Amino acid sequence: MAPLRSPLSRLFTVLLAGVLAGLVLAVAVLPGNLLFGLVTRSALGAYAALPDALRTPATPQRSYIYANDGKTLITTFYDVNRTDVPLSEIAPVMRQAIVAAEDRRFYEHGGADLRGLFRAVVANVKGGGTEQGGSTLTMQYVRNVLKTDPTRTAEERQAATDPTVGRKIQEIRYASALEKSLSKDEILNRYLNIAYFGSGAYGVAAASQRYFGKEPAQLTLAESALLAGLVQSPDAYSPIDGDRDQALARRSYVLDSMVQTGAITAAQAAQAKAEKLVLHPTAQANGCTATAQGHDDWGFFCDYLRRWWLTQPAFGATTEEREQALRRGGYTVVTSLDPKIQAAAQKQATEVYGYDNKNALPIAAVEPGTGRVLAMAVNRHYSLAANPKGQENHPNTVNPLISGGGGVDGYQAGSTFKLFTMLAALESGKTLSTGFDAPAKLPTRYPDNGPGNCAGHWCPANANPAFMDGYRMMWDGFGRSVNTYFVWLAEQVGQDKVVEMAQRLGITFRADADANFAKNNAANWGSFTLGVAATTPLDLANAYATVASEGMYCKPLPVVSVTAANGERVQVADPSCKRVLDADVARAATDAARCPVGQQSAFGQCNGGTATSVNDILGGRPVAGKTGSSEENATETFVGFTPQVAVAGIAANPDDPTDSVGSAVQAQVIDAVAHVISTAVKGKPEKDFTAPSQELAGNPHRPADRPPARPDRTDNRQRTDDPGSLLGRWLAGRG
């Protein structure tokens, strides 16, 4: 049954017939080319007067997101599933098929085929069959560009398809101007890259992938004829979403038309008609929840990339414009994600906790000196799928558990924050050999009326007095994670200096309480050095990466390169780095950070550590790091670094960061992070840390009347390194 035409459509054809009726006599008495020139000469204008979108197409294209090898596809972003390809990468039979299906006189007319247009108008006025459009490929191209031009308003795009005589005449004018300035092949190429083929596929590249899972250069005659036949009514004829029989009928029509144009023989057409329709439909990934199969863990990195993208002015003046650029701009993005490091991090995270465990181990890896984010893993599926009742964030979530933001404040990282106290002290002129007789409990000036206070003041304690108490310098104070030493040191330097140091190295206070305390009362934040502020693995890894790069802070960066659809590089991928620490200060802190991981400082002052298994896992390769446990072991943290990579992992319950993960998991967190570091440096030249100056080392000797430091126990990994707090989990959590 022929489709019914709307009254508006019938009115349009009658009106257009009237406009063209006066041309009929001219058709009979004037050569076609001369007639066309007379009709259009006064209306065409210069090519330069065309809309920008027709001179320089700005049609929506899919953006591709790759891993750092430039080959491993992470996902794509699109509103319109479309990718431009040159004519040389489109099978010749596909080019011939589209001409035969849509505009047999394409290579003869000058943009508007008046004879064909009038013939279509007469047929439509008479009715009795399917409407004929009479539009050439060039006119269709004009219409497609104007109705999809992302630089136009919605009203302007709608006007490009309005059934008015004025719109049709404008189409003729624009098409004629294009034909005067572009070759036929260029017009054909542009058309094939914008035409809609149904099932969400715009352009022949997307269509060949969508229906047949192949590149357009590989299309056969039968496949080309099928695709060309879809253009007339793509949604109705689509063999995936529409009418398969109609699609085959259109294929036969196109093959017969190709015989009439001389593109193929009748025998070739018959053979193609006899072929069974074999589809290999592929759904193109779209967005972070559609990453490559088996890699939903990549979604967390993808989400971080998207959040970063939306902050970059290079992609638009507003968030909305930047989002549109990502989904319609046709960018090729080579990210910083390293698939091998990511796989190692995901393996380690899921070996510590399963996907369905309420606890999580988010892990982040960062490259010192560039800030490039190499991996972001957690034992969760990045998915919008529903979770079992009572399991808000597991096994599925799209919350940024690794990077923070979007309502995720982060987790306490315990004694890893002692690094900021040490840096502030070194910067203030103190040396690594600054000594203090660290007691089991240290009365402070901070008021505390809670249980266990010391005469109304907060008095933090060491978690393991036998291992931690006694005369300490920065080396063994850091190596053994002596709380009372670092609380004392922070008091000497000033708590506000410690807080400022953390912020300088990129620690962001996402929790309102933390942000307010840092802004308004940092000088009295006595427990800050014990890591009571919420942070994330990404922030923590990048802060330690700053020390690894000898004081050069680099903003976290998720890309290696971004290339626009026209092939031009977008200047957003260069590291944004600045010196925030004197190099010698950073080297001194690194020297002390060799102690926790079972290695030795340049001055031989390491005598015990809380993460000595790291040295064995790295095979003696130069490494540094720090453990951290929060109050009642609510979280367990380890961050380690070499000159080439910094990795942080925090075991926590994302739904309730105050819920205890227990001390037993600390050893697993340490080993997990160490194994990720091992993967990251495998095959790379071994680099040693530069020793600090004697000036910052100071005079590393202990008082003669004091016994030597207690030897380290055989295995300190499972020992919690921080004491309970008397100011509460937020104000004075475990160190």
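We now turn to the structure provided with this report. (Residues numbered from 1 in each chain as written. Predicted model: local features only at pLDDT ≥ 70, side-chain atom pairs only at ≥ 80, totals over all residues. Heavy atoms only, no water.)

**Regarding the nonpolar core**
With 111 residues, the main nonpolar core has Trp-309 and Phe-420 as its most contacted residues. If we skip the residues at most four places from it in the chain, Trp-309 touches Phe-315, Arg-322, Ala-325, Leu-326, Tyr-331, Val-333 and Val-562. Within the second largest apolar cluster, 61 residues are counted, among which are Ile-90, Leu-182, Tyr-211 and Phe-212. (Core = buried A, V, L, I, M, F, W, Y, C linked by side-chain atoms within 4.5 Å. Buried < 20%, exposed > 50% of the residue type's maximum accessible area, 1.4 Å probe, protein only. Contact = heavy atoms within 4.5 Å.)

**Things to note about the sheet that holds strand S15 (residues 559–563)**
Strand order in the open sheet formed by four strands is S2-S1-S5-S15, with mixed pairing between adjacent strands. Two strands in the sheet have a free side with no partner beyond their single neighbour: strand S2 (73–77) and S15. Neighbouring strand axes in the sheet, compared pairwise and without regard to direction, differ in orientation by 15° on average. Pairing between strand S1 (residues 63–66) and strand S5 (residues 332–335): three bridges, direction parallel. Its bridge partner lying in S5, Ile-65 is registered against Val-333. Running at roughly 45° to S2, helix H15 (residues 298–309) makes contact with S1, S2, S5 and S15 of the sheet. (Pairing = 2+ DSSP bridges. Helix = DSSP H or I, 4+ residues; strand = E, 2+ residues; numbered from the N terminus. Axes fitted to C-alpha atoms, helices over the stretch in contact; angles between N-to-C directions.)

**Description of the state of the cysteines**
Taken as a whole and judged by the stated rule, the model has four disulfides. Across a sulfur-sulfur distance of 2.1 Å, Cys-288 and Cys-302 are joined as a disulfide pair. Because the sign of the S-S torsion sets the handedness, a value of about -75° for the bond joining Cys-288 and Cys-302 places this disulfide among the left-handed ones. Of this pair, Cys-288 sits in the loop between helix H14 (266–274) and H15 while Cys-302 sits in helix H15, and the two are 14 residues apart along the sequence. One exposure class covers both Cys-288 and Cys-302, and it is buried. Note that Cys-554 is cross-linked by a disulfide to Cys-577, the S-S spacing being 2.1 Å. Here the S-S torsion is close to 105°, and the disulfide linking Cys-554 with Cys-577 is therefore right-handed. (Disulfide = S-S within 2.5 Å.)

**Focus: the pattern of salt bridges**
Per the counting criterion, the structure on display carries 22 salt bridges. The partner of Arg-82 in a salt bridge is Asp-84, and the shortest N-O contact between them spans 2.7 Å. Classification of Arg-82 by relative accessible area gives buried; the value is 3%. Note that Glu-186 is salt-bridged to Arg-190, the shortest N-O span being 3.0 Å. Of this pair, Glu-186 and Arg-190 both sit in helix H9 (residues 184–192), separated by four residues, roughly a single helical turn. Residue classification places Glu-186 among the partly exposed residues on the basis of a relative accessible area of 30%. Look at Arg-190 and you get buried, because its relative accessible area is 12%. Among the ionic contacts, a cluster of salt bridges with common partners joins Arg-143, Arg-167 and Glu-171. (Salt bridge = Lys/Arg side-chain N within 4 Å of Asp/Glu carboxyl O.)

**A look at the packing of aromatic side chains**
Counted according to the given criterion, the structure contains 22 aromatic pairs. On the basis of an interplanar angle of 50° and a centroid distance of 5.9 Å, the ring pair of Tyr-485 and Trp-488 is categorised as tilted. With Tyr-485 and Trp-488 both in helix H21 (residues 483–493) and three residues apart, the pair spans about one turn of that helix. You can call Tyr-485 buried: its relative accessible area is 0%. Judged by relative accessible area, Trp-488 falls into the buried class, the value being 16%. Geometrically, the ring pair formed by Phe-641 and Phe-689 is edge-to-face, given 5.7 Å between the ring centres and 75° between the ring planes. A residue pair is termed long-range when its members are at least 10 positions apart, and Phe-641 in strand S18 (residues 636–641) and Phe-689 in the loop between helix H27 (666–681) and helix H28 (694–697) qualify at 48 residues. Under the relative-accessibility criterion, Phe-641 is labelled buried at 1%. An aromatic cluster is defined as three or more aromatic residues linked by ring pairs; in this entry it consists of Phe-417, Phe-420, Phe-509, Phe-517, Trp-525 and Phe-528. Residue placement shows Lys-184 over the ring face of Phe-106; its charged tip is 4.5 Å from the ring centre. Lys-626 extends its terminal NZ or CZ atom over the ring of Phe-478, reaching a point 5.6 Å from the ring centre. (Phe/Tyr/Trp six-rings, centres within 6.5 Å; stacked < 30°, edge-to-face > 60°. Lys NZ or Arg CZ within 6 Å of the ring centre and 35° of its normal.)

**Digging into the sheet that holds strand S19 (residues 646–651)**
A sheet is described by the order of its strands in space; here five strands give the open sequence S7-S6-S19-S18-S17, paired in antiparallel fashion. Of all the strands in the sheet, just strand S7 (373–377) and strand S17 (624–629) have a single pairing partner and so form its edges. Each strand of the sheet is rotated relative to its neighbour by a mean of 5°, with strand direction disregarded.

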